[in-house]
Every structure is written in C-alpha cells, then in structure tokens.
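# Architecture and fold: a report
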Amino acid sequence: LCSSPQESAFFRFTWSMLGTEREFKLKVYPSLGFSIVFPFIFLFSNGLDQGLEGISGSRSYLFIYFSGIMLPSLIMMLRYSSRYKAAWIYRTAPISGEASIYKGALLASLVRLMLPLYVIEAVIFAVLFGASIIPDLIVVGLAMFAFAILCFLFIRKGLPFSEPFEAAGQQNQSFVVMGLMLLLGAFGVLHWLATTLPFGVVAYGLLMIAVTWLGWRLAFQTRGTQKVTR
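Treat the numbers as computed from the prediction; the structure is a model and nothing was measured.

Definitions and cut-offs
Residues numbered from 1 in each chain as written. Predicted model: local features only at pLDDT ≥ 70, side-chain atom pairs only at ≥ 80, totals over all residues. Heavy atoms only, no water. Helix = DSSP H or I, 4+ residues; strand = E, 2+ residues; numbered from the N terminus. Buried < 20%, exposed > 50% of the residue type's maximum accessible area, 1.4 Å probe, protein only. Contact = heavy atoms within 4.5 Å. Areas by Shrake-Rupley, 256 points an atom, 1.4 Å probe, with all protein chains shown as cover. Axes fitted to C-alpha atoms, helices over the stretch in contact; angles between N-to-C directions. Parallel < 35°, antiparallel > 145°, perpendicular 65-115°, else oblique. Left-handed = near helix turned anticlockwise from the far one by under 90°. Nonpolar A, V, L, I, M, F, W, Y, C, P; charged D, E, K, R; others polar. Lys, Arg positive; Asp, Glu negative; His and termini not counted. Salt bridge = Lys/Arg side-chain N within 4 Å of Asp/Glu carboxyl O. Expected span 1.5 Å × (residues − 1). Arc of directions from axis to C-beta. Phe/Tyr/Trp six-rings, centres within 6.5 Å; stacked < 30°, edge-to-face > 60°. Core = buried A, V, L, I, M, F, W, Y, C linked by side-chain atoms within 4.5 Å.

### Looking at the overall build of the chain
A tally of helices and strands in the chain yields 9 helices and 0 strands. The helix and strand sequence of the chain, counted from the amino end, reads α-α-α-α-α-α-α-α-α. The buried share among the 230 residues of the chain stands at 47%. Partitioning the intrachain contacts of the chain with sequence separation of at least 6 by distance along the chain shows that 87% fall at a separation of at least 24. With the model as given, the accessible surface of the chain reaches about 11,600 Å², and the carbon-plus-sulfur share is 69%.

### Notes on the packing of helix α7 (residues 134-154) against helix α8 (residues 174-195)
Across the interface, α7 lies against α8 with an axial gap of 11 Å and an inter-helix angle of 155°. One finds that α7 runs roughly antiparallel with respect to α8. As α7 packs across α8, the resulting crossing turns out to be right-handed. The segment α7 lies against α8, with D136, V139, V140, A143, M144, A146, F147, L150, C151 and F154 engaging V176, L180, M181, L183, L184, F187, H191 and T195. For the contact of α7 with α8, a count of residues per class yields 15 nonpolar, 2 polar and 1 charged.

### Focus: the side chain of E121
Relative to the elements of secondary structure, E121 occurs in helix α6 (residues 99-129). Buried within the structure, E121 lacks any salt-bridge partner; R112 is the closest side chain of opposite charge, at an N-O distance of 17 Å. Ignoring sequence-local partners within four residues, the contact set of E121 consists of S35, I36, P39, F40, I64 and S67.

### Section: helix α1 (residues 5-20)
Taking 1.5 Å as the rise per residue, α1 with 16 residues should run 22 Å; its terminal C-alpha atoms sit 23 Å apart, in good agreement. Listed as buried for α1 are E7, F10, F11, T14, M17 and L18. Buried residues along α1 cover an arc of 135° about the axis, so they all sit on one side. Set apart from the buried face of α1 by more than 90 degrees, the exposed residues are P5 and R12.

### Digging into the packing of aromatic side chains
Taken as a whole and judged by the stated rule, the model has 16 aromatic pairs. Their ring planes at 90° and their centres at 6.3 Å tell us that F10 and F13 sit as a pair that is edge-to-face. Placement of both F10 and F13 in helix α1 is noted, with a separation of 3 residues, approximately one turn of the helix. Ring geometry for F13 against F161: centres 5.8 Å apart, planes inclined by 85°, an arrangement best described as edge-to-face.

### Concerning the nonpolar core
In terms of nonpolar packing, the biggest core is built from 70 residues, with F24, Y65, L71, F125 and F187 touching the most fellow members. Elements that contribute at least two residues to this core include exactly α1, α2 (22-47), α4 (71-77), α6, α7, α8 and α9 (200-220). F125 has contacts with P39, F40, L43, S60, Y61, I64, G130, I133 and L137, leaving out every residue within four places of it along the chain.

Structure follows, in structure tokens:
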C-alpha cells in the first residue's frame, strides 16, 4: 500500500500506536461501536415489521453508509497521544517532508480500523440482501475511502500523536464534523440515485475512483516538499 520506505515506516509506526495507545482507544472505539450498530438500527427499523423479506427487495443496503460515521473522529484524533512529548522524533529523523508521515498514518488507520469493520458489515449485508448487491458494496467501499480523504482535507492537521489529549477539548470542530456527516449522507443519496439509472452504479464507482485519485494528490501536495520543523 505504501509508495516509499518513509511512508511504510510511518504506516508501521501508526499501526503499532493504534494497538498500544490506551487513551486513544477510549476516545475512538465508542465511535467504532456506533459505526457497527447504526447501519443495522436503520436497516431493521425500516423493514422489520415485514421480516427479512421486507428489506431484501429494497435499497436499504445503502444504510451501510452509516458505517463511515466514525471516520471524522478517527482522523481528528490521530494527532493526539498520551506520549506526545516523544514527537521530537519528527524534528530529528531524516524526513524529507510531512507527506509521507500523513500518508502512512492515514493508510494505517484506515486499514486497521475501518477496513475490517466495513468488510464484516458488507458480508452480513450480502447475506441479508443477496450476492446481487456485491458491486454496490464494492462501490460503497470506494466511497468510504474517498470520504476519508475528504475528512483529512477539511479537518485541522496535526502530526500524528504529537499533541496531548487535553488539547482535543480546546479544538471545537463540531461544525466541520457536522458538515462531513452531511457529506457522507450526500454520498449515500448519490448512490441511491445511481441505482435508478442504467449503469449508474458503475458511473458512480468511477466517480469515486476519480475523487480518491484527485483527493489523494491534493491532500498531501503542500506537505511533500517541506522539511518538518515542528
């Protein structure tokens, strides 16, 4: 997944921190729980009165978009740590720029926390709705990755694990998070509209690939050539 040795190093670093940072887990894992529960709450409240037959012929599988509600919180909390004083390593390590730091950290967080959750939910949805929705589930996965990059673009940046958790309460980004939630909902609405058009889901999937490709380049381009000085 990583395109350079530096990016790979920060991927492994973030992967390790996500598994050992106790306070980070206490802050982020509740939102992971919401991501697991919310799709099924909306799914069964929408058609439970008719049993599984009441939902199998509908587009209710698009409620799986609610599994992405944890992404803004996850990406926002990446910059906090109880061991933030060790962030001096960013100033002393031979790092050519911040891009590799952010890329490695973002990839590690998505692969370790988002991907397993989404795969498990996608399998359950495929069992409930049938194999015919697998192309839609793949497209939703692409949309989740695009949404994660957009979250990174809009949320205030900070080097991974470089700030104390106490600072999290001083950074009020409620409006940004609310806007990102609306954006996630807009992704779901676009997908629903795409299902009403011939080859609409394929076109929507190509759009998500384009958004991901463009967002991945815009998100890090201003951080690829500057030496880390913080």
